[in-house]
Amino acid sequence: MDQAAERKRQVFSIPNIMSMFRIALIPLFASALLRGRTAAAAALIALSALTDVADGFVARRFHMVTQLGKVLDPIADKLTLIVLSFCLALQNNRVWLLLGVMAVKEGAMLLLCALFLRKGGRAESACWYGKVTTALLYASMVLMVLFPNLPQRAVSGLILLCTGWMLLCAALYVRKYLPKWQELQEK
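Residues numbered from 1 in each chain as written. Predicted model: local features only at pLDDT ≥ 70, side-chain atom pairs only at ≥ 80, totals over all residues. Heavy atoms only, no water.

A. A look at the environment of Ser19. Note that Ser19 resides in helix H2 (residues 14–34). Its relative accessible area of 2% is what places Ser19 among the buried residues. Remark: the alpha-carbon pair of Ser19 and Ala103, spanning 84 residues in sequence, is separated by 20 Å. (Helix = DSSP H or I, 4+ residues; strand = E, 2+ residues; numbered from the N terminus. Buried < 20%, exposed > 50% of the residue type's maximum accessible area, 1.4 Å probe, protein only.)

B. Representation of the side chain of Ser140. Among the structural elements, Ser140 can be located in helix H6 (residues 128–146). Among residues more than four places away in sequence, those in contact with Ser140 are Leu158 and Cys162. (Contact = heavy atoms within 4.5 Å.)

C. Structural view of helix H5 (residues 95–118). Compared with the 34 Å implied by 1.5 Å per residue over 24 residues, the 34 Å span of H5 between its first and last C-alpha is a close match. Regarding H5, the residues found buried are Val95, Leu98, Leu99, Val101, Met102, Lys105, Glu106 and Phe116. Remark: Gly120 follows H5 within two positions and exhibits a positive phi of approximately 110°. (Expected span 1.5 Å × (residues − 1).)

D. Expanded view of the pattern of salt bridges. Counted by the stated rule, this structure contains five salt bridges. Of the charged contacts, one joins Arg22 and Asp77 as a salt bridge, the two residues approaching to 2.3 Å between their closest N and O atoms. With Arg22 in helix H2 and Asp77 in helix H4 (residues 67–91), the pair connects residues that are 55 residues apart, well separated along the chain. The exposure class of Asp77 is buried, given its relative accessible area of 6%. Salt bridges linked by common partners bring Arg22, Asp52, Asp55, Asp73 and Asp77 together as one network. (Salt bridge = Lys/Arg side-chain N within 4 Å of Asp/Glu carboxyl O.)

E. Broad picture of the packing of aromatic side chains. Scanning the model with the defined rule gives five aromatic pairs in all. Centre to centre, the rings of Tyr129 and Tyr173 are 4.9 Å apart; their planes meet at 70°, and the pair counts as edge-to-face. With Tyr129 in helix H6 and Tyr173 in helix H7 (residues 152–186), the pair connects residues that are 44 residues apart, well separated along the chain. With respect to class, Tyr129 is no different from Tyr173; both count as buried. Members of the aromatic cluster, joined through ring pairs, are Trp128, Tyr129, Trp165, Tyr173 and Tyr177. Seen from the ring of Phe62, Arg61 lies directly overhead, with NZ or CZ sitting 5.5 Å from the centre. (Phe/Tyr/Trp six-rings, centres within 6.5 Å; stacked < 30°, edge-to-face > 60°. Lys NZ or Arg CZ within 6 Å of the ring centre and 35° of its normal.)

F. Representation of the confidence of the model for the chain in the model. Confidence along the chain averages 90 in pLDDT terms, with 99% of residues attaining 70 or more. Mean pLDDT across the secondary structure elements of the chain bottoms out at helix H1 (residues 3–11), with 75, and peaks at H2, with 97. (pLDDT = per-residue confidence, 0-100.)

G. Quick peek at the packing of H2 against helix H3 (residues 38–61). Two numbers describe how H2 lies on H3: the axes approach to 9 Å, and their chain directions differ by 170°. In terms of axis orientation, H2 runs roughly antiparallel to H3. Handedness of the H2/H3 crossing: left-handed. Listed contacts from H3 to Ile14, Pro15, Met18, Ser19, Phe21, Arg22, Leu25, Leu28, Phe29, Ala32 and Leu33 of H2 are Ala40, Ala41, Leu44, Ile45, Leu47, Ser48, Thr51, Asp52, Ala54, Asp55, Val58 and Ala59. When its residues are assigned to classes, the contact of H2 with H3 shows 17 nonpolar, three polar and three charged. (Axes fitted to C-alpha atoms, helices over the stretch in contact; angles between N-to-C directions. Parallel < 35°, antiparallel > 145°, perpendicular 65-115°, else oblique. Left-handed = near helix turned anticlockwise from the far one by under 90°. Nonpolar A, V, L, I, M, F, W, Y, C, P; charged D, E, K, R; others polar.)

Structure representation (structure tokens):
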């Protein structure tokens, strides 16, 4: 198979198409949420989450893991969660803290990942703590979507739980990648 055909096969693999589909769902659930169509928004978010689980399963089970997929999947996750938290922040001021921490963490990780890849590193699959963070954020935000009148203490608790876990996750990623970064610097 020539290089162009191989690249096309990797770009348009089933898991990568599912990640692209998740990105396409973002304006749909955002519009539904901002228009007060809670059930539709929750259904679209659930579809996005299920597709997220399915793309990882298919990629690993059928040996369709690609370098593009290792980047595209977390980008789809981050865009989904950032837009979802932005929509929720418009409805509840307490969510701005979560959005702010998420934006700083993800921005820093994106910059560090770009530097890492530029230095010759390779994208790796997410670690368990990254997956837990994503699941926790999805679960917390879906609760806020489904129950917009949650007591403010519950919302604050969810936000603090997610914020603390995101910070822990960032520290664990730094601990994992710092030795690899130092190794690349020595080359």
